[in-house]
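Examination of the molecular architecture
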Amino acid sequence: MPGITRGLIGSAYLAPGLRKILFNSYAEKPRQGQRLVNMGTMDRAFIDDANFAGFGPLLEKPEGGRVLYQDPFPGKTKRYVAATWGLGFRITEEAQEDAMYGMVANKFAKALGRSVRFNFEVISHSILNNAFNTAFNGFEAGVSLISTTHTNLRGGTQSNRPAVDADLSLTTLQAGIEAFRAWQTEEGMPMMSTPKYLVVGPSQQWIAGVLLQSTLLPGGNFNDVNLLKDLGLTLIIDDYLTDPDAWFLIGDDHDMNYFDRRLPRFSNTDDFDSGDMKFKVTRRNAAGFGDWRGVYGSAGA
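Basis of the calculations
- Residues numbered from 1 in each chain as written.
- Predicted model: local features only at pLDDT ≥ 70, side-chain atom pairs only at ≥ 80, totals over all residues.
- Heavy atoms only, no water.
- Helix = DSSP H or I, 4+ residues; strand = E, 2+ residues; numbered from the N terminus.
- Buried < 20%, exposed > 50% of the residue type's maximum accessible area, 1.4 Å probe, protein only.
- Contact = heavy atoms within 4.5 Å.
- Areas by Shrake-Rupley, 256 points an atom, 1.4 Å probe, with all protein chains shown as cover.
- Pairing = 2+ DSSP bridges.
- Axes fitted to C-alpha atoms, helices over the stretch in contact; angles between N-to-C directions.
- Arc of directions from axis to C-beta.
- Core = buried A, V, L, I, M, F, W, Y, C linked by side-chain atoms within 4.5 Å.
- Polar contact = N/O pair within 3.5 Å; in protein donor to acceptor, adjacent residues only side chain to side chain.
- pLDDT = per-residue confidence, 0-100.
- Salt bridge = Lys/Arg side-chain N within 4 Å of Asp/Glu carboxyl O.
- Phe/Tyr/Trp six-rings, centres within 6.5 Å; stacked < 30°, edge-to-face > 60°.
- Lys NZ or Arg CZ within 6 Å of the ring centre and 35° of its normal.

Turning our eyes to something else, we now look at the overall build of the protein. For the protein, the count of helices and strands is six helices and 12 strands. With 301 residues in all, the protein has 43% of them scored as buried. Excluding contacts between residues fewer than 6 apart, the proportion of contacts in the protein whose partners are at least 24 apart in sequence is 78%. Surface accessibility of the protein: about 16600 Å² in total, with carbon and sulfur atoms responsible for 55%.

In structure tokens:
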């Protein structure tokens, strides 16, 4: 690649302060993905998480008899592996010599900052955007985040998806909320999980707003109270969902995780042979899920 030449930038020049401009641009728009994932860091190339089943209900001990002992049941391991991402550009020696300072330099830096910010959104959203992909796994191989066939370690299956995918509606949203209360632990005992967010794409913001904010039951003719309004669900209109019909309920306790192995790093150098100036930014991160509990969703009709 010839890089940024005199003909490309005209009278502009890459001004000093690129690093500051780049990172200001990276931070200028609120990140959407950080509300959907547990944010963390990693101090090695990968992180392993393991799950296991604890113990079942207490068993009656006969008078004079012994307490029965039970071993934990080992599960599977989920590995998060850091990937490296990067992008850069170069400016020819002639363009540096002949050009003057100008605003184009700021545009180059801002554009690279936007690329860095978009990388975070892509990686953090990769979990929900692959929620129905059976090749994108947690603890259980071949089972997607949203599935009707999650297997308990001590037996039995559970679901966090409608039997038939359906668009967001009063009926489907109610069924999703009820599913949270029906989930069980790996041991088959009741557990507490509460939906906190309703996540939809921009095209579904209107129906979602009606469902959550109407005082009376949406579509009803009998002035029934809309109980959804009092559940405290927060609506997230997400610009980075790739399926416009998909919708998700996310609980207050979930296992969707994002890890920074290394924060964005900006560097520059001169190319000895050409005299060009080279600029690049790199980062390392990983994202995924372990346990499926805490998330319910549908791919839509």
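A few words on the sheet that holds strand β8 (residues 234–237). The four strands lie next to each other as β8-β7-β9-β12, forming an open sheet whose pairing is mixed. Only two strands of the sheet have a single partner each, and these edge strands are β8 and β12 (295–298). Neighbour-to-neighbour, the strand axes of the sheet open up by a mean angle of 20 degrees, direction not taken into account. Sheet topology note: the strand β9 (residues 247–251)/β12 ladder contains four bridges and is antiparallel.

Moving on, we come to the environment of Gly 156. Within the secondary structure layout, Gly 156 lies in the loop between β5 (150–151) and β6 (157–158). Sequence separation between Gly 156 and Gly 188 is 32 residues; the distance between their C-alpha atoms is 7.8 Å.

Another aspect to go through is the sheet that holds strand β4 (residues 83–91). The four strands lie next to each other as β1-β10-β11-β4, forming an open sheet whose pairing is mixed. Across the chains shown, the open sheet's two edge strands, defined by having one partner strand only, are β1 (38–41) and β4. In this sheet, neighbouring strand axes are inclined to one another by 25 degrees on average, regardless of whether the strands run parallel or antiparallel. In this sheet, strand β11 (residues 277–289) lies alongside strand β10 (residues 256–270) in antiparallel orientation, the contact comprising 12 bridges. Bridging across to β11, Phe 266 finds its partner in Val 281.

Our focus in this paragraph is helix α6 (residues 205–213). An α-helix turns once per 3.6 residues; consequently, residues spaced three or four apart project the same way. All of the buried residues in α6 are Ala 208, Gly 209, Leu 211 and Leu 212. The buried residues of α6 all sit within an arc of 165 degrees when viewed along its axis, so they share a single face. Counted as exposed and oriented over 90 degrees from the buried face of α6: Trp 206 and Gln 213. Looking at the buried positions of α6, the neighbouring elements they touch are α5 (170–182), β7 (195–200) and β8.

To continue, consider the nonpolar core. Generally speaking, soluble globular proteins have nonpolar side chains that are buried together. Core analysis: the largest hydrophobic core is formed by 40 residues, its most contacted members being Leu 128, Leu 145, Leu 173, Leu 198, Leu 249 and Met 256. Those elements that provide at least two residues to this core are α4 (104–129), α5, β7, α6, β9, β10, β11 and β12. Counting 10 residues, the second-largest nonpolar core is a separate cluster that includes Phe 108, Phe 266, Met 277 and Val 281.

Quick look at the side chain of Ser 298 now. Residue placement: Ser 298 occurs in strand β12. Of the polar contacts made by the side chain of Ser 298, one reaches the backbone oxygen of Ala 166; its length is 2.9 Å. Not counting residues within four places of it along the chain, the set of residues in contact with Ser 298 comprises Phe 132, Pro 162, Asp 165, Ala 166, Asp 245, Ala 246 and Trp 247.

Across the protein, the average pLDDT comes to 86, with 85% of residues at or above 70. A low-confidence stretch, residues 6–16 (pLDDT under 50), is modelled with 32 contacts involving residues beyond four sequence positions or located in other chains.

So, about the pattern of salt bridges. Oppositely charged side chains may form a pair once their charged atoms are brought near each other. With the rule as written, the count across this model stands at seven salt bridges. Residue Glu 186 is joined to Arg 293 by a salt bridge in which the shortest nitrogen-to-oxygen separation is 3.3 Å. One end of the pair, Glu 186, is in the loop between α5 and β7; the other, Arg 293, is in the loop between β11 and β12, with 107 residues separating them in the sequence. Residue Glu 186 is classed as buried on the basis of its relative accessible area of 11%.

As a further point, take the packing of aromatic side chains. Between two aromatic rings, the relevant description is the distance of the centres plus the angle of the planes. Enumeration over the complete set of coordinates arrives at 10 aromatic pairs. Measuring from centroid to centroid gives 6.2 Å for Phe 118 and Tyr 240, while their planes differ by 45 degrees, and the two rings are tilted. With Phe 118 in helix α4 and Tyr 240 in the loop between β8 and β9, this residue pair connects regions lying 122 residues apart in the sequence. Judged by its relative accessible area of 49%, Phe 118 falls in the partly exposed class. Given the relative accessible area of 19%, Tyr 240 is considered buried. With 5.8 Å between their ring centres and 25 degrees between their planes, Phe 132 and Phe 248 make a pair best called stacked. With a gap of 116 residues between them, Phe 132 in the loop between α4 and β5 and Phe 248 in strand β9 connect regions that are remote in the sequence. Take Phe 132: its relative accessible area is 23%, and that puts it in the partly exposed class. Relative accessible area serves as the criterion here: at 1%, Phe 248 is assigned to the buried category. By the ring-pair criterion, three or more aromatic residues cluster together here, those being Phe 89, Phe 266 and Phe 279. Against the face of Phe 120 rests Arg 31, its NZ or CZ located 4.2 Å from the ring centre.

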